[in-house]
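So you can see what is in the structure, the chains are spelled out below.
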Amino acid sequence: MNKNEIYIKTGTQYKEMTKALLTQCNLAAQISDTDMQIGIKPNLVSPSEASWGATTHPEIVAGIIEYLQENRYRKIAILEGSWVGDKTTEAYEVCGYRELSERYQVPFWDMQKDKGIERDCGGVKLNICERVANVDFLINVPVLKGHCQTKITCALKNMKGLIPNTEKRRFHAMGLHNPIAHLNAGIHQDFVVVDNICGDLDFEDGGNPVVMNRVWAGMDPVLIDSYVCQIMHYTTKDVPYIELAEQLGVGSTDLENAHIVFCEETARKELPKSRKVVELQDAVEEVESCSACYGYLIPALEMLKNDGLFEKLDTKICIGQGYRGKTGKLGVGACTCKFEHNVNGCPPTENQIYDFLKQYISDMESAKK
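What you see is a predicted model; the values in this text were computed from it and never measured.

Caption draft 1: Local environment of the overall build of the chain. Looking only at helices and strands, the chain features 11 helices and 16 strands. In summary, the chain has a C-alpha radius of gyration of 21 Å against a globular reference of 21 Å for 369 residues, a match within 12%. When the backbone C-alpha atoms are referred to their principal axes, the chain occupies close to 70 × 45 × 40 Å. Taken across its 369 residues, the chain has 59% of its residues classed as buried. In the chain, 73% of the contacts between residues at least 6 apart in sequence involve partners at least 24 apart. Total accessible area on the chain stands at roughly 14,700 Å², and carbon and sulfur atoms take up 45% of it. For the chain, the distance from the average position of its 40 positive side-chain charges to the average position of its 51 negative side-chain charges is 3 Å.

As structure tokens, then:
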């Protein structure tokens, strides 16, 4: 397999199709020593089953493990840290990774319990989880899905699960795109297996799965994310961290010279155009908000819209670390605790936000009478 190739396979027997895909890509030829420590990095952003459209399907990871073990690789570990606001241990249970770990006798490294070490990442000092340095060959297994702040999330952004929670918060204060690009200059992905089974094309934490039943494989995370942009009807300029990563030497955005291999004709299915988030974002003033806080706000706003209440909001909702110590009218999260109207929590859940905003609108309507 070459770096400019992306293989896409379709089916519903996810474990077997993953093994067949890795065989076709001859992954074993790229791992030079059977004694190398192999790390598998799924996306377990929150404790929700894969059918919800947010987390990596455990059968894809099972297929990777079986393929590796059948090729005599024994030093395998799964490593991941959920987003701020949820515990990896809960995602480990709910998403089926405890059963996976026990079935194959593969350890699970919780990155939320790992301490950070400073690393030079393309000229920027970032803290990454200590045990990442123990991995000799990293297999990234992201979910292809949308994101309410960065529009898409796939190979490059999935590396955020390998940094401590404190660094995740700092990433948002740094503007997300620049640190994501630099993180990928500091943590090298050796191989990428993309879960394109049913990712949510709007929200990182799922809820609106779009069934595609596809699994991808490639070596260049920049090329993969560039292709994700194309099929999700964006350009790489819409997702700045992709071109920034290219400038740092992480990979290439050159789709014109890429070779997209559809293993079956049915794998050519088109992704629908989805833009639910855009209208909802217009009601928000966001400054350095964490993904979890923002990620819970947007679905809460969609619930309000479905109730016919969204249009009744009389002011924009403020959210993010940039509002710490400041005052205002309407805020979400602990960072806006000094606002006149605020739902506290770090982060508050989407139901808490929904109930709070629904009550705010009701009080506002009553005051007008």
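Caption draft 2: Spotlight on the layout of surface pockets. Space inside the largest pocket adds up to approximately 270 Å³. Along its surface, the largest pocket is lined by 17 residues, and Trp52, Asp205, Gly206, Pro299 and Glu350 are the ones closest to its centre. With 5 residues, helix α10 (residues 291–306) is the single largest residue contributor to the lining of the largest pocket. When the residues that make up the lining of the largest pocket are grouped by side-chain class, the tally is 6 nonpolar, 7 polar and 4 charged.

Caption draft 3: Inspection of the packing of aromatic side chains at higher detail. For the structure on display, the rule yields 4 aromatic pairs. Summarising the aromatic geometry, the rings of Trp83 and Tyr296 are spaced 5.4 Å apart at their centres and angled 70° between planes, so their arrangement reads as edge-to-face. Of this pair, Trp83 sits in the loop between β3 (76–80) and α3 (88–94) while Tyr296 sits in helix α10; the two residues are 213 residues apart in sequence, bridging distant segments of the chain. With a centroid separation of 4.7 Å and 45° between ring planes, the pair formed by Tyr92 and Phe108 is classed as tilted. On the criterion of sequence distance, the pair formed by Tyr92 in helix α3 and Phe108 in strand β4 (residues 108–110) is long-range, its members being 16 residues apart.

Caption draft 4: Summary view of the sheet that holds strand β13 (residues 284–286). Pairing in this open sheet of 4 strands is parallel, and the strands run β13-β14-β15-β16 from one edge to the other. Looking along the sheet, the strands with just one partner apiece sit at the ends: β13 and β16 (341–343). Strand-to-strand, the axes of this sheet are offset by a mean angle of 25°, without reference to chain direction. Bridging between β13 and strand β14 (residues 317–319) involves 3 bridges; their strand directions are parallel. Directly across from Glu286, in β14, lies its bridge partner Ile319. The sheet contacts of α10 involve β13, β14 and β15 (330–332), and relative to β14 the element is tilted by about 160°. Its contacts with the sheet put helix α11 (residues 350–368) on β14, β15 and β16, and the angle it makes with β16 is roughly 160°.

Caption draft 5: Structural detail: the pairing of β3. Burial analysis of β3 places 5 of its 5 residues in the buried class, which makes it a mostly covered element. Side-chain alternation along β3 places Ile76, Ile78 and Glu80 on one buried face and Ala77 and Leu79 on a second face that is also buried. On the question of chirality, the crossover connecting strand β2 (residues 38–42) to the parallel β3 by way of helix α2 (residues 58–70) is right-handed.

Caption draft 6: Layout of helix α1 (residues 14–25). Between the first and last C-alpha of α1 there are 16 Å, a value that for 12 residues agrees with the 16 Å anticipated at 1.5 Å per step. Among the residues of α1, Tyr14, Lys15, Met17, Thr18, Lys19, Leu21, Leu22 and Cys25 are the ones counted as buried. Residues of α1 that are buried sit in contact with β1 (5–10), α2, α4 (97–104), β10 (191–196) and β11 (214–218).

Scoring rules and cut-offs
- Residues numbered from 1 in each chain as written.
- Predicted model: local features only at pLDDT ≥ 70, side-chain atom pairs only at ≥ 80, totals over all residues.
- Heavy atoms only, no water.
- Helix = DSSP H or I, 4+ residues; strand = E, 2+ residues; numbered from the N terminus.
- Rg over C-alpha atoms; globule rule 2.2 N^0.38 Å.
- Buried < 20%, exposed > 50% of the residue type's maximum accessible area, 1.4 Å probe, protein only.
- Contact = heavy atoms within 4.5 Å.
- Areas by Shrake-Rupley, 256 points an atom, 1.4 Å probe, with all protein chains shown as cover.
- Lys, Arg positive; Asp, Glu negative; His and termini not counted.
- Charge placed at Lys NZ, Arg CZ, Asp CG, Glu CD.
- 1 Å grid on protein atoms, 1.4 Å probe; cavity = no way out; pocket = protein on both sides within 12 Å on 5 of 7 lines; lining within 4 Å.
- Points joined across faces, edges and corners; volume = space filled by probe spheres on them.
- Nonpolar A, V, L, I, M, F, W, Y, C, P; charged D, E, K, R; others polar.
- Phe/Tyr/Trp six-rings, centres within 6.5 Å; stacked < 30°, edge-to-face > 60°.
- Pairing = 2+ DSSP bridges.
- Axes fitted to C-alpha atoms, helices over the stretch in contact; angles between N-to-C directions.
- Right-handed = clockwise from strand over helix to strand, strands pointing away.
- Expected span 1.5 Å × (residues − 1).

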